Amino acid sequence: MNAAPAIQKLLDELERLPGIGPKSAQRIAYWILNTDAATALRLAEAIVEVKETVHFCSRCFNYAQDDVCEICASDRRDASIICVVSEPRDIPPIERTMVFKGVYHVLGGALSPMENIGPDDLHIAELLRRLVTEDVQEVVLATNPNVEGETTAAYLARIIKPLGVTVTRLASGLPVGGDLEFADEVTLGRAIESRLPL
Ligand code: ZN
């Protein structure tokens, strides 16, 4: 490719994005070149704004702009039931099902002996603290239906159950080995409704 240096720089950056290969990078780059300056700048500013203003919720580790995220701050959520997920990106698919009315706790990953990720690398101590200080009745384990997610769920069930809190796991029906992120809303909604005690 013999693009002008500025265009090449944009192409190089776009190709780093997940799911974007050279062809898609080119399509987006030429769309940016073609569009009016205000539209392109809005995109650039949106990126700068999230990087400068978004951090982790002090309570659940979801993304937030205030001290706590929109979900933790809402008085319409049932704080007695906590849904545990691996990453903030697992929350929107669960929200879209409109089945879950509780709150969340983001672990920041999953247990993986292969990658040397142990309990201390995840927000597990913070979860246990919430179970002691907040009036929690149920913990729904919504880690991904793959090896790391199942290992994490089994570990959490083992340490939470002695605290007298009901522990449930999303029902089967989710594609095994997959990511919650990619589950369709109907399947995921059904898996939440028919969650099973562990
Ligand atoms: Zn939160």
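Above: the structure in question.
Treat the numbers as computed from the prediction; the structure is a model and nothing was measured.

A. Structural detail: the side chain of Thr168. Relative to the assigned elements, Thr168 resides in strand 6 (residues 166-169). Given a relative accessible area of 5%, Thr168 falls into the buried group. Apart from residues lying up to four places away in sequence, Thr168 is in contact with Glu138, Val139, Val140, Leu141, Arg195, Leu196, Pro197 and Leu198.

B. The pattern of salt bridges, seen in detail. Across all of its chains, the model carries six salt bridges by this definition. The closest approach of N and O atoms between Glu13 and Arg16, which form a salt bridge, is 3.2 Å. Taking the relative accessible area as the measure of exposure, Glu13 reaches 42% and is therefore partly exposed. When its relative accessible area of 64% is taken as the criterion, Arg16 is described as exposed. One salt-bridge network, held together by shared partners, links Arg59, Arg130 and Glu134.

C. A look at the coordination of the zinc ion. Around the zinc ion, the donor atoms from the protein are Cys57 (SG), Cys60 (SG), Cys69 (SG) and Cys72 (SG), and they sit 2.2 to 2.4 Å away. Around the zinc ion, the four donor atoms sit at angles spanning 105 to 119°, and that spread fits a shape best called tetrahedral. Ordering the donors of the zinc ion by residue number gives the pattern C-x2-C-x8-C-x2-C. Remark: Cys69 occurs in the loop between strand 2 (63-64) and helix 4 (70-73) and Cys57 occurs in the loop between strand 1 (55-56) and strand 2; sequence separation between them is twelve residues. The pair formed by Cys57 and Cys69 is uniform in burial state, with each residue classed as buried.

D. Spotlight on the environment of Leu10. Position of Leu10 among the secondary structure elements: in helix 1 (residues 5-15). Residue classification places Leu10 among the partly exposed residues on the basis of a relative accessible area of 26%. Residues Leu10 and Ile28, 18 residues apart in the sequence, show an inter-C-alpha distance of 9.5 Å. Other than its neighbours up to four places away in sequence, Leu10 contacts Ala29 and Ile32.

E. Quick look at helix 1. Taken together, the buried positions of helix 1 are occupied by Ile7, Leu11 and Leu14. Taken end-on, helix 1 shows its buried residues confined to a sector of 65°, consistent with a single buried face. In helix 1, the exposed residues that point more than 90 degrees away from the buried face are Pro5, Ala6 and Lys9. Buried residues along helix 1 sit against helix 2 (22-34).

F. Expanded view of unusual backbone geometry. The backbone of Met98 shows a phi angle near 60°, a positive value even though the residue is not glycine. Along the chain, Met98 falls in the loop between helix 5 (91-97) and strand 4 (102-106). One non-glycine residue, Asn116, lies in positive phi territory at about 60°. Within the secondary structure, Asn116 sits in the loop between strand 4 and helix 6 (124-133).

Parameters at a glance
Residues numbered from 1 in each chain as written. Predicted model: local features only at pLDDT ≥ 70, side-chain atom pairs only at ≥ 80, totals over all residues. Heavy atoms only, no water. Helix = DSSP H or I, 4+ residues; strand = E, 2+ residues; numbered from the N terminus. Buried < 20%, exposed > 50% of the residue type's maximum accessible area, 1.4 Å probe, protein only. Contact = heavy atoms within 4.5 Å. Salt bridge = Lys/Arg side-chain N within 4 Å of Asp/Glu carboxyl O. Donors = N, O, S within 2.8 Å, 3.2 Å for Na, K, Ca; no water. Tetrahedral: all angles 85-135°; square planar, octahedral: opposite > 155°, others 65-115°. Arc of directions from axis to C-beta.

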